[in-house]
Amino acid sequence: RSKPLQWYYSHFPTIESFLGRGALMTGEASPGYMPYPDVVESVVKRLSPDWKPGSFGDDEDAGVKAWKEHVRFLPKIIAIVRDPITRAVSSYKYNYIEPAMKRLKSGRGITAAGEQIPGKKSDKYYLRHHLFSFEELAFAELAMLKECLK
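To start, this report covers the structure provided alongside it. Quantities reported herein were computed from a predicted structural model and do not represent experimental measurements.

### Here's the deal with helix H5 (residues 84-105)
Okay, step 1: Over its 22 residues, H5 extends 30 Å from the first C-alpha to the last, a length consistent with the 32 Å expected when each residue adds 1.5 Å.
Okay, step 2: Of all the bends in H5, the greatest, near 30°, is centred on Lys93.
Okay, step 3: Every buried residue belonging to H5 is among Ala88, Tyr92, Ile97, Ala100, Met101 and Leu104, and all of these are buried.
Okay, step 4: The elements touched by buried residues of H5 are strand E1 (109-110), strand E2 (116-117), helix H6 (123-129) and helix H7 (134-148).
Okay, step 5: Looking one or two residues beyond H5, the residue adopting positive phi is Gly107, at roughly 85°.

Below you can see the structure in the form of structure tokens.
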């Protein structure tokens, strides 16, 4: 269920504090919108509920012109994308390797069989004996996806 627009606005500076610092724009950064193509349409509808896309009848050019003029004043969603493999490797390191290394080096690691993993070893030791490689993790995720799609 969506929250009121005022809730969303409450996460940004007020107009007074914003302009008082000489800022001309504000925004957020989140890849969370990318899998949901209806987000753009939802944003437009919430920020301009009176807009009716088909209000120009059969004159498609007039409709497109009117649309461009209308959206000119709406917030923009800008997508800056990375190479998907580079992004996936970065995510693997940040979300899997770094937290796992921290836990293992502290001596709080436990094997699947319930045995304690010794702490204070080298990164190479943990990578070789206790962590999945990027490729192993990718294949495991693909296998899980295949099962889900059956």
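That was the structure; now back to the text.
### Points about the nonpolar core
Okay, step 1: Tyr92, Ile97, Ala100, Met101, Leu104, Ile117, Tyr126 and Leu131 form the largest nonpolar core, which has eight residues in total.
Okay, step 2: Looking at this core element by element, the count peaks at five residues for H5.
Okay, step 3: Dropping the residues within four chain positions of it, Leu104 is found in contact with Gly109, Ile117, Pro118, Gly119, Lys120, Tyr126, His130 and Leu131.

### Here's the deal with unusual backbone geometry
Okay, step 1: Unusually for a residue other than glycine, Lys120 sits at a positive phi of about 60°.
Okay, step 2: If you trace the backbone, Lys120 turns up in the loop between E2 and H6.

### Quick notes on the layout of surface pockets
Okay, step 1: When its volume is computed, the largest pocket comes out at roughly 1,800 Å³.
Okay, step 2: Together, 39 residues line the largest pocket, and Tyr8, Glu28, Tyr33, Lys76 and Ile77 are the ones closest to its centre.
Okay, step 3: Here the lining of the largest pocket takes five residues from helix H3 (residues 38-47), the largest share from any one element.
Okay, step 4: Within the lining of the largest pocket, the residues separate by chemical class into 27 nonpolar, six polar and six charged.
Okay, step 5: The space that makes up the second largest pocket amounts to roughly 230 Å³.
Okay, step 6: Taken together, Arg87, Ala88, Ser91, Tyr92, Asn95, Tyr96, Phe134, Leu137, Ala138, Glu141, Leu142 and Leu145 make up the lining of the second largest pocket.
Okay, step 7: Mapped onto the lining of the second largest pocket, the elements with two or more residues apiece are H5 and H7.
Okay, step 8: Within the lining of the second largest pocket, the residues separate by chemical class into eight nonpolar, two polar and two charged.

### Re the environment of Leu137
Okay, step 1: Looking at the element boundaries, Leu137 is found in helix H7.
Okay, step 2: Residues Leu137 and Pro37, 100 residues apart in the sequence, show an inter-C-alpha distance of 28 Å.

Definitions and cut-offs
Residues numbered from 1 in each chain as written. Predicted model: local features only at pLDDT ≥ 70, side-chain atom pairs only at ≥ 80, totals over all residues. Heavy atoms only, no water. Helix = DSSP H or I, 4+ residues; strand = E, 2+ residues; numbered from the N terminus. Expected span 1.5 Å × (residues − 1). Bend = angle between axes of the 7 residues up to and from the residue. Buried < 20%, exposed > 50% of the residue type's maximum accessible area, 1.4 Å probe, protein only. Contact = heavy atoms within 4.5 Å. Core = buried A, V, L, I, M, F, W, Y, C linked by side-chain atoms within 4.5 Å. 1 Å grid on protein atoms, 1.4 Å probe; cavity = no way out; pocket = protein on both sides within 12 Å on 5 of 7 lines; lining within 4 Å. Points joined across faces, edges and corners; volume = space filled by probe spheres on them. Nonpolar A, V, L, I, M, F, W, Y, C, P; charged D, E, K, R; others polar.

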